[in-house]
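Coordinate analysis (summary)
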Amino acid sequence: AFAALAPKDLDGWRVVVSAGGTREPIDPVRYLGNRSSGRQGVDVARAAADRGATVTLVLAHAAADPDAEARRHPGIEVVDVGTAQEMQRAVQAVAATADAIVMAAAVSDYRVAAVSASKISKEGQAGRTLDLVQNPDILAELAATRTGRQTIVGFAAETEPDRNRLIERGRAKRERKGADLLVVNEVGWARGFERPDNSVAVIGHEGAVLLEHHGSKREIADALWDAVIATH
Ligand code: CTP
Ligand code: CA
């Protein structure tokens, strides 16, 4: 229904969206992960494709429903990745020709310094420490190396219940990353994840609050594309 009603205002655009959550291996059977279902990012990709864009979706471990919806969409090419470094390579491979890049994925900030080749046993170990090293910051790198008229969008999930402080964190993060737009939303164990709806604010240049919206993840995706088109 959305596809038929959508305006084709992204006709001719090449768009890259990342979604889902990366996983960093610890040993052959364990990983460090996060709770992202990929739904918001997949809806960003679907909205763009419905509006006429050619979309590459770099997808990491999305939940079954958003994963299936993305693969079924004829306007979306899905590239599957697992770790943050795989996501970095996949995004970089298609970034140069993109008019807009939306990093909706939850990217692991760290990876395990030395992945064990065999399953780690608890035998003789009352406690344990994992050594971690920082992953590349894909968004910051994209923003720093962008060419021409390319709009770069980040997402930030924050556990900050105060609206004004949430906006301030978003402003600082947008600035630090060098993104054009940053979408911030408040999350908690019972907020944001595994839900059909979301509450976001979109921060633009000079820290301007371009929109605040509570609604379905698809509504938010369409409002975000309106903001991208308006600032491009
Ligand atoms: N991001 C990225 N590469 C990373 C980490 C994050 O591209 N290694 C992107 C995410 O996809 C998101 C944005 O950066 O679009 C913000 O992620 P977030 O985790 O909120 O930012 P960080 O800079 O990692 O800050 P924090 O210390 O709060 O986690
Ligand atoms: Ca992070």
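All values reported here derive from a predicted model rather than from experimental measurement.

1. What to know about the nonpolar core
Within soluble globular proteins, side chains that are nonpolar generally end up buried alongside one another. In this structure, Val 15, Val 55, Leu 57, Val 102, Leu 224 and Trp 225 are the most contacted members of the largest nonpolar core, which totals 36 residues. The leading source of residues in this core is helix α7 (residues 217–231), at 7 residues. In this structure Val 15 touches Ala 48, Ala 53, Thr 54, Val 55, Thr 56, Ala 100 and Trp 225, once residues within four positions along its chain are discounted.

2. Some remarks on the packing of helix α4 (residues 84–95) against helix α5 (residues 138–145)
In the contact formed by α4 and α5, the axes pass within 10 Å of each other and the chain directions differ by 25°. The angle between α4 and α5 falls in the class roughly parallel. Handedness of the α4/α5 crossing: right-handed. On α5, the residues touching Ala 84, Met 87, Gln 88, Val 91, Gln 92 and Ala 95 of α4 are Ile 138, Glu 141 and Leu 142. For the contact of α4 with α5, the residue count by class is 6 nonpolar, 2 polar and 1 charged.

3. Quick notes on the coordination of the calcium ion (ligand 2)
Looking at the calcium ion (ligand 2), one finds its protein donor set to be Asp 109 (OD) and Asp 109 (OD), positioned 2.4 Å from the metal centre. Summarising the element assignment, Asp 109 is placed in the loop between β6 (100–103) and β7 (110–112).

4. Observations concerning the confidence of the model for the protein
Summing up the model confidence of the protein, the mean pLDDT is 95 and the portion of residues at 70 or higher is 99%. Both scores are given for the predicted complex: the pTM is 0.97, the ipTM 0.99.

5. Concerning the pattern of salt bridges
Scanning the entire structure with this criterion turns up 19 salt bridges. In this structure, Asp 80 and Arg 71 form a salt bridge, with 2.7 Å as the shortest nitrogen-oxygen distance. When the shortest N-O distance is used, the salt bridge between Arg 171 and Glu 168 registers 2.6 Å. Taken together, the residues span about one helical turn, with Arg 171 and Glu 168 both in helix α6 (residues 163–177) at a distance of 3 residues. By relative accessible area, Arg 171 is classed as partly exposed at 28%. The class for Glu 168 is partly exposed, based on a relative accessible area of 44%. One network of salt bridges, with partners in common, ties together Asp 9, Asp 50, Arg 51, Arg 218, Asp 222 and Asp 226.

Rules used throughout
Residues numbered from 1 in each chain as written. Chains lettered and ligands numbered in written order. Predicted model: local features only at pLDDT ≥ 70, side-chain atom pairs only at ≥ 80, totals over all residues. Heavy atoms only, no water. Core = buried A, V, L, I, M, F, W, Y, C linked by side-chain atoms within 4.5 Å. Buried < 20%, exposed > 50% of the residue type's maximum accessible area, 1.4 Å probe, protein only. Helix = DSSP H or I, 4+ residues; strand = E, 2+ residues; numbered from the N terminus. Contact = heavy atoms within 4.5 Å. Axes fitted to C-alpha atoms, helices over the stretch in contact; angles between N-to-C directions. Parallel < 35°, antiparallel > 145°, perpendicular 65-115°, else oblique. Left-handed = near helix turned anticlockwise from the far one by under 90°. Nonpolar A, V, L, I, M, F, W, Y, C, P; charged D, E, K, R; others polar. Donors = N, O, S within 2.8 Å, 3.2 Å for Na, K, Ca; no water. pLDDT = per-residue confidence, 0-100. Salt bridge = Lys/Arg side-chain N within 4 Å of Asp/Glu carboxyl O.

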